[in-house]
Amino acid sequence: MKIRKDAVGGQGESLAPGDLELIGALARRPLAESEIYTFSVRLCDNEIDRDFERFSTRTLEELAPLFVGKSGIFDHEWSARGQAARIYRTEVLREPGRMTRAGDSYCWLKGCAYMVRTESNRDLIAEIEGGIKKEVSVGCSVEHAVCSVCGADRAVTDCGHQKGEEYGGQLCWASLEGAKDAYEFSFVAVPAQPAAGVVKSVRRGAPQGTRLEEEAALGRRYLEHLRGEAVRLALLADRELDGRAMKSLADKLSPLELEELCRSFARRAEERLPIRTQLSYGKRTARSDEENRAFLA
């Protein structure tokens, strides 16, 4: 699944011990400090973004080494003429005390990039220094997009939950998991809108077309049936339960959890209201036989 995400970056970065060696490993010859300009970019973080998606902390750590050696270009134009910089070092930075909307500690992936100073990029360096070139967008690939409500992999199937909607008070978003590759980072004049800024393709081998849509619709109907059945059985088992509270609980559970809940409440309902047959079989008493003779002709 291919991902493009916008971030804010582009500020001067001082060389740290060992940076010239890292840059030299990417260049064809050793470069002097006077020949290069270095800057840092905030590539991506683990906060829920405008698309109601986020990179998990583990995914950021997996992406870090993948971005080393990748190019900085313009507007995701994959052309050698547009190559402006290259990342030589990355690190995941944590901000103690800051929490994400998902409830975990905030962290972000920092990339340190370099350019060889030339007449052609003098204006670009000035724009970075002046804060004009700040927005960047990253291109990378992940394996999974996990639904926060039910845990389904949205890269494979549609679980029916809509990102940005709430289910029983729980916000729906997708966690981007399993970094596969990093492609580039781009300078962009204006960060793309969420719908245009993310490019996705279904993983190879996943079912497609009408069959996938039909299976997804069937799954949604079954899930709604399970939720309704869980609430119905719960109220049969215990009349004092609050129906709205049970519905809110059912909306948060996975299909497997709902099935187990239905079985549990069905047993309790049967104990509380045992089913009695309307017809009885076996020996009849002599008294009942005698009473029945009154109706015989």
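Just above, that's the structure.
No experiment lies behind these values; they were computed from the predicted model shown. (Residues numbered from 1 in each chain as written. Predicted model: local features only at pLDDT ≥ 70, side-chain atom pairs only at ≥ 80, totals over all residues. Heavy atoms only, no water.)

Trainee: How should I be thinking about the packing of aromatic side chains in this particular structure?
Mentor: Given two aromatic rings, their pairing is described by the distance between the two centres and the angle made by the two planes. Scanning all chains against the criterion turns up 2 aromatic pairs. Taking the centre distance of 6.0 Å and the plane angle of 20° together, the rings of Tyr37 and Phe39 count as stacked. When the ring centre of Tyr106 is taken as origin, the NZ or CZ atom of Arg98, which lies over that ring, is 3.7 Å away. (Phe/Tyr/Trp six-rings, centres within 6.5 Å; stacked < 30°, edge-to-face > 60°. Lys NZ or Arg CZ within 6 Å of the ring centre and 35° of its normal.)

Trainee: I keep staring at helix α6 (residues 243-252) and nothing clicks. Help me out?
Mentor: Because each turn of an α-helix spans 3.6 residues, side chains separated by three or four positions end up pointing in the same direction. Considered for burial, the residues of α6 that qualify are Met246, Ala250 and Asp251. With its buried residues spanning 140° around the axis, α6 presents them on a single face. (Buried < 20%, exposed > 50% of the residue type's maximum accessible area, 1.4 Å probe, protein only. Helix = DSSP H or I, 4+ residues; strand = E, 2+ residues; numbered from the N terminus. Arc of directions from axis to C-beta.)

Trainee: What should I look at first to understand unusual backbone geometry in this one?
Mentor: Glycine aside, the phi torsion of most residues is negative, and most peptide linkages are trans. One non-glycine residue with positive phi stands out, namely Phe52, at about 55°. Mapped onto the fold, Phe52 is located in the loop between β2 (36-45) and β3 (53-55). Exposure remark for Phe52: the relative accessible area of 24% places this residue in the partly exposed category.

Trainee: Please clarify how the pairing of strand β6 (residues 105-116) should be interpreted in this entry.
Mentor: On a regular strand, one side chain projects to one face of the sheet and the next to the other, so that they alternate. With 10 of its 12 residues buried, β6 lies for the most part within the structure. As judged from the 9 bridges shared by β2 and β6, these two strands associate in the antiparallel manner. From the neighbouring strand, Cys44 faces β6, where its bridge partner is Leu109. Adjacent in sequence and paired antiparallel, strand β5 (residues 85-99) and β6 are bridged by 5 residues, among which Gly103 carries a positive phi angle near 95°. (Pairing = 2+ DSSP bridges.)

Trainee: For this particular structure, what's the right way to read the nonpolar core?
Mentor: For soluble globular proteins, nonpolar side chains are generally found buried alongside one another. If you look at the biggest cluster of nonpolar residues, it comprises 34 residues, and the most contacted ones within it are Phe39, Leu43, Phe67, Leu109 and Phe185. Of all the secondary-structure elements, those providing two or more residues to this core are β2, α2 (57-67), β5, β6, α3 (122-129), β7 (135-147) and β10 (174-187). For this core, the element with the most residues is β10, which contributes 6 residues. With sequence-adjacent residues up to four places away left out, Phe185 is seen in contact with Phe39, Val41, Leu43, Ser71, Gly72, Ile73, Ala85, Ile87, Ala113, Val136, Ser137 and Val138. (Core = buried A, V, L, I, M, F, W, Y, C linked by side-chain atoms within 4.5 Å. Contact = heavy atoms within 4.5 Å.)

Trainee: Can you walk me through the side chain of Ser186 in this structure?
Mentor: With respect to the helices, strands and loops of the structure, Ser186 is situated in strand β10. A distance of 2.9 Å separates a polar atom in the side chain of Ser186 from a polar atom in the side chain of Glu184. (Polar contact = N/O pair within 3.5 Å; in protein donor to acceptor, adjacent residues only side chain to side chain.)

Trainee: Teacher, can you tell me more about the pattern of salt bridges here?
Mentor: It is possible for side chains bearing opposite charge to pair when their charged atoms get close. Counted by the stated rule, this structure contains 14 salt bridges. Between Glu91 and Arg89 there is a salt bridge, with the nearest N and O atoms lying 3.5 Å from each other. Salt-bridge contacts for Glu229 lead to Arg232; the nearest nitrogen and oxygen are separated by 2.6 Å. Of this pair, Glu229 and Arg232 both sit in helix α5 (residues 209-237), 3 residues apart, which is roughly one turn of that helix. (Salt bridge = Lys/Arg side-chain N within 4 Å of Asp/Glu carboxyl O.)

Trainee: Mind showing me how you'd approach the state of the cysteines here?
Mentor: In a disulfide, the sulfur atoms of two cysteines are held together by a covalent bond. Scanning all chains against the criterion turns up 0 disulfides. Looking at the unpaired Cys147, the closest cysteine sulfur is the one in Cys159, lying at 3.8 Å. Overall, Cys147 belongs to the buried group, its relative accessible area being 3%. In this structure Cys150 is not part of a disulfide, and its nearest cysteine sulfur, from Cys159, lies 3.7 Å away. (Disulfide = S-S within 2.5 Å.)

Trainee: Before we go on, may I ask you to explain the pairing of β5 in this structure?
Mentor: Pairing of strand β4 (residues 71-74) with β5 involves 2 bridges; the strand directions are antiparallel. Counterpart to Ser71 in the pairing with β5 is Arg86. Relative to β6, β5 is paired through 9 bridges, and the arrangement is antiparallel. Across the sheet, Ile87 pairs through a bridge with Ala113, a residue of β6.

Trainee: What is the right way to read the side chain of Arg227 from this model?
Mentor: Relative to the assigned elements, Arg227 resides in helix α5. Since its relative accessible area comes to 8%, Arg227 is described here as buried. Among the polar contacts made by the side chain of Arg227, one reaches the side chain of His161 at a distance of 3.2 Å. Residue contacts for Arg227: discarding those within four places in its chain leaves His161, Ala250, Asp251 and Leu258.

Trainee: Can you help me understand the environment of Glu129 in this one?
Mentor: Looking at the secondary structure, you find Glu129 in helix α3. Linking Glu129 and Phe39, residues 90 residues apart in sequence, is a C-alpha distance of 9.1 Å. At a separation of 2.5 Å, a polar atom in the side chain of Glu129 contacts the side chain of Tyr37.

Trainee: What's the story with the environment of Leu249 in this structure? I'm lost.
Mentor: Here Leu249 lies in helix α6. As for Leu249 and Tyr167, which are separated by 82 residues in sequence, their C-alpha atoms are 9.5 Å apart.

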